[in-house]
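Per-entry structural report
Read off the chains here:
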Amino acid sequence: GAAHERVARRLDEALLERELGRVDDAVATLRANLADAPRHARTTLVLSETLEAATRWDELAGFCAEQGALAEADGDALSAVELWARAASIAEEKLGHLAMALSHYKRSLALELRAPLLDAIARIHEQQKEWLDAASHLDRLVREFPEQRSHVIVRLADAYTHAEHDADAQQRLEAALGDPSSPP
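Throughout what follows, the structure given in this document is the object of discussion. (Residues numbered from 1 in each chain as written. Predicted model: local features only at pLDDT ≥ 70, side-chain atom pairs only at ≥ 80, totals over all residues. Heavy atoms only, no water.)

**Focus: the packing of aromatic side chains**
Here a ring pair, both rings aromatic, is described through the centre-centre distance and the interplanar angle of the planes. Taken as a whole, this structure holds 0 aromatic pairs when the rule is applied. For the cation-ring pair, Lys-94 lies above Trp-57, with the distance from its terminal atom to the ring centre recorded as 4.6 Å. (Phe/Tyr/Trp six-rings, centres within 6.5 Å; stacked < 30°, edge-to-face > 60°. Lys NZ or Arg CZ within 6 Å of the ring centre and 35° of its normal.)

**Side note on the packing of helix α5 (residues 77–93) against helix α7 (residues 115–127)**
Between α5 and α7, whose axes approach to 12 Å, the crossing angle comes to 25°. With respect to each other, α5 and α7 are oriented roughly parallel. The handedness of the crossing between α5 and α7 is left-handed. Across from Val-81, Ala-85 and Glu-92 in α5, the residues of α7 making contact are Leu-117, Arg-123, Ile-124 and Gln-127. The class makeup of the residues in the contact of α5 with α7 is 4 nonpolar, 1 polar and 2 charged. (Axes fitted to C-alpha atoms, helices over the stretch in contact; angles between N-to-C directions. Helix = DSSP H or I, 4+ residues; strand = E, 2+ residues; numbered from the N terminus. Parallel < 35°, antiparallel > 145°, perpendicular 65-115°, else oblique. Left-handed = near helix turned anticlockwise from the far one by under 90°. Contact = heavy atoms within 4.5 Å. Nonpolar A, V, L, I, M, F, W, Y, C, P; charged D, E, K, R; others polar.)

**Focus: the nonpolar core**
One finds Tyr-105, Leu-117, Ile-124, Leu-138, Leu-141, Leu-156 and Ala-159 to be the most contacted residues of the largest nonpolar core, which totals 29 residues. Put simply, the parts of the chain that give this core at least two residues each are α5, α6 (98–111), α7, α8 (131–144) and α9 (149–162). The biggest single contributor to this core is α7, with 7 residues. Setting aside residues no more than four positions away along its own chain, Ala-159 makes contact with Trp-131, Ala-134, Ala-135 and Leu-138. Judged by nonpolar contacts, the second largest core, of 19 residues, contains Leu-11, Val-27, Ala-61 and Trp-84. (Core = buried A, V, L, I, M, F, W, Y, C linked by side-chain atoms within 4.5 Å. Buried < 20%, exposed > 50% of the residue type's maximum accessible area, 1.4 Å probe, protein only.)

Rendered as structure tokens:
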């Protein structure tokens, strides 16, 4: 229909604007497309690439979070997990915005249990010296993903020690080292 043609026409226009180095115009055109078709796959891809190429990390993180929320609302958990995780990783690595990263990683984790998400949440808690929170996520990482045990166990003991729960740290470490499913 007419809306479909309008979206296709704007997409071509945006690609041309981007080609000509008119990034702001391209972004505005792509955003207009998303107003008509909020999760249009090709538009979201092109906007994402455009923002990344322009190193507009703040906007890109916001856009990924926006799309994550839309995917979640549509019941598309798989896309939502990826989008929230991408928003989180941009917030953490490109913006150094740890509170935002933490919130996005947790949003992603709530949709699907994944080792890299638990790891990232623990890492941010470690950086912020929130040792008990770090320990609880590392502990869950070891419990849910036993193959992660060998490289997480030192961090876990560390977190418990810093949290001044030395008895817990000792116990956790002994349990992990004495566990027959623990890799050598």
